[in-house]
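Coordinates in review
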Amino acid sequence: MSGDRQLHLNLFIYPAGHHEAAWRHPRSSPERVLDIGYYQDLARRAEDAAFDAIFLADGPSLADNIRYAARFRLEPFTWLSAIAAATERIGLIATASTTYTEPYNLARLFASLDHLSRGRAGWNIVTTGAPGAARNFGLDAHPVHAHRYRRAHEFVDVVTRLWDSWEDGALVSDAGSGVFADTGRIHPIAHAGEHFRVDGPLNTPRSPQGRPVYVQAGSSEDGRGFAARHAEAIFTAHQTLENAKEFYADVRARARALGRAPDGIRILPGLSPFIGSTTKEAKELEDEFNALTQPEYSLEQLHRLLGIDLSGHDLDAPFPADLLKREPAPDSSRALLVLDIVERERPTIRRLLHRLAGARGHRVVAGTPERIADEMQRWFEDGAADGFNIMPPYLTGGFDDFAEHVVPILRKRNLFRTDYSGSTLRDHYGLPRPPSRYAEPSRYVEPSRYAEPSRYAEPGRTEGGSPS
């Protein structure tokens, strides 16, 4: 049994829904995908259901297959700022790339979002897998996988130091003494590394959460290592309970080996539910969406994942697994997931395309509210998940059905909160507010006793914040 432990739930918002043909279905609202009111309304609905957070994906290039699917990207900081103004408690997780942004700019953006939302910001840390992005930033080629992760480790270290560069209490605003900020509590970071040179400090005071929640979504070998070192919440994709349990145990073991408390990480697989009053009704709804898929789009997606062009093949023939032996083994965790489906299920090409159409490799479940709740409870209690990234196949109805019919079942089973107990995203996830690495409690000086400060940090302090 779960005891006092409860699920964490995020709403992952894709413009029309997660099924690739969602925009074509009459239950969707494609005419509203550029209307901020649509997203504010979705966020308010998720907040009414006491979800931990909403999550927006992002990428710095246009998908090659935009002709057939609503796969454009909205810049998340602008969008989430507008959503923050329309909500009060729900977390706001934005995706931002360590490959195609700079640490100082990103640190300012997230600190501002955390202040604006009073402590609800989360950073989904990605290294960007789209090769076409390079040409949008003056590069001839997309950096290789290992290089992107080396840069990402350093990037996170720099951003963390910047967010820590103002200690709590540095902003004193003491009108009597005339001191606005305690400059002895504001520190340069003096970083000089392989990829970045950043002096600091940040030009924004420490944010309500200390720093935004660190979220990560890679499941490759490099991704697992990165998550174990940095992530506080992990979005992941699994088709089977066994694979999810292996990932869950592996990441927690890696975190423990690095000296981290495994309980400080929330692992949240994606789940895309088709909900009906009967299993037959739910599966018929899923079939309606699959019937609207465009094979040209689906085959292109598969080509990008596996490097195999099946455009001339009979879609109702068995997937030609022998072709996989002629291609280099993929290093993408999502590609490996697809290969696992092929190995276990031996599907036809069309069946495989439909399996991927629902949520790009995340788990799709079609069934009654009770069946959806049963699946979630099983994964939660069997050591496969701390919660789920809910990925409605269509919006807004796909989320409404989940909130109205599945959430009450989870609450009846004491698996999900009835209301928020805190106000920040860290509160919702049950994560501590980290102290600044520069903080020394004994150093506090009353504003009336200030000497005229002449530098940001007192003499004798090193980059890491410890006395030299």
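In case you missed it, the structure is sitting above this.
Scope of this entry: the structure provided in the associated data block. All of these numbers come straight from a predicted model, not from anything done at the bench.

Its location among the elements puts Arg151 in helix H4 (residues 145-164). With relative accessibility at 12%, the residue Arg151 sits in the buried group. Residues in contact with Arg151, not counting those within four places in the same chain, are Thr98, Thr99, Thr101, Glu102, His195 and Phe196.

Look at helix H6 (residues 241-257): 24 Å from first C-alpha to last across 17 residues, which is about the 24 Å you get at 1.5 Å a residue. Those residues of H6 that sit buried are Leu241, Ala244, Phe247, Tyr248, Val251, Arg252 and Ala255. Taken down its axis, H6 places every buried residue within 130 degrees of arc, on the same side. When the buried face of H6 is taken as reference, the exposed residues oriented beyond 90 degrees from it are Glu242, Arg256 and Ala257.

Before going further, it helps to spend a moment on helix H5 (residues 221-230). Here H5 has its buried residues at Gly223, Arg224, Phe226, Ala227, Ala228 and His230. Those residues of H5 that are buried are in contact with strand E4 (121-126), H4, strand E9 (213-216), strand E10 (233-236) and H6.

With that out of the way, let us pick up unusual backbone geometry. Across the junction of Gly200 and Pro201, the peptide omega takes the value 0 degrees, indicating a cis bond. For Pro201, the location among the structural elements is in the loop between strand E8 (197-198) and E9. In this chain, Leu395 is followed by Thr396 through a cis amide linkage whose omega measures 10 degrees. Within the secondary structure, Thr396 is located in the loop between strand E13 (387-390) and helix H12 (397-412). In this structure, Ala50 takes a positive phi of about 65 degrees despite not being glycine. In this structure, Ala50 sits in the loop between helix H1 (36-48) and strand E2 (53-56). Take Ala50: its relative accessible area is 1%, and that puts it in the buried class. Even without glycine at this site, Arg118 takes up a positive phi of about 60 degrees. Relative to the assigned elements, Arg118 resides in the loop between helix H3 (103-116) and E4.

Now for the packing of H4 against H5. Here H4 crosses H5 at 5 degrees, and the two axes come no closer than 11 Å. Viewed along their axes, H4 and H5 adopt a mutual orientation that is roughly parallel. Of the residues in H5, those in contact with His145, Ala146, Tyr149, Ala152, His153 and Val156 of H4 are Asp222, Gly223, Phe226, Arg229 and His230. Classifying every residue of the contact of H4 with H5 gives five nonpolar, four polar and two charged.

Side-chain pairing between opposite charges can occur once the charged atoms of the two side chains come close. A complete count under the given rule lists 30 salt bridges for this structure. We note a salt bridge from Arg417 to Asp52, for which the minimum N-O separation is 3.1 Å. Highlighted residues: Arg417 in the loop between H12 and helix H13 (425-429) and Asp52 in the loop between H1 and E2, separated in sequence by 365 residues. Note on accessibility: Arg417 and Asp52 belong to one class, buried. Taken together, the shared-partner salt bridges connect Asp157, Arg161, Asp164, Asp168, Arg206, Arg211, Arg433 and Arg437 into one network.

Judged by how many residues are buried, strand E11 (residues 266-275) sits mostly within the fold: 10 of 10 residues are covered. Side chains Arg266, Leu268, Gly270, Ser272 and Phe274 of E11 all project onto a buried face; the interleaved residues Ile267, Pro269, Leu271, Pro273 and Ile275 project onto the opposite face, where all are buried too. Across four bridges, the pairing between E10 and E11 is parallel. Across the sheet, Ala233 pairs through a bridge with Arg266, a residue of E11. With H6 bridging E10 and its parallel neighbour E11, the resulting β-α-β unit is right-handed.

Moving on, we get to the nonpolar core. By size, the foremost hydrophobic cluster in this structure holds 97 residues, and its most contacted members are Phe51, Ile54, Trp123, Trp163, Met376 and Phe402. With eight residues, H4 is the single largest residue contributor to this core. Leu315, Phe319, Ile349 and Leu356 belong to the second-largest nonpolar core, a separate cluster that totals 18 residues.

Calculation notes
Residues numbered from 1 in each chain as written. Predicted model: local features only at pLDDT ≥ 70, side-chain atom pairs only at ≥ 80, totals over all residues. Heavy atoms only, no water. Helix = DSSP H or I, 4+ residues; strand = E, 2+ residues; numbered from the N terminus. Buried < 20%, exposed > 50% of the residue type's maximum accessible area, 1.4 Å probe, protein only. Contact = heavy atoms within 4.5 Å. Expected span 1.5 Å × (residues − 1). Arc of directions from axis to C-beta. Axes fitted to C-alpha atoms, helices over the stretch in contact; angles between N-to-C directions. Parallel < 35°, antiparallel > 145°, perpendicular 65-115°, else oblique. Nonpolar A, V, L, I, M, F, W, Y, C, P; charged D, E, K, R; others polar. Salt bridge = Lys/Arg side-chain N within 4 Å of Asp/Glu carboxyl O. Pairing = 2+ DSSP bridges. Right-handed = clockwise from strand over helix to strand, strands pointing away. Core = buried A, V, L, I, M, F, W, Y, C linked by side-chain atoms within 4.5 Å.

Remember that the coordinates give geometry; whether it matters functionally is a separate question.
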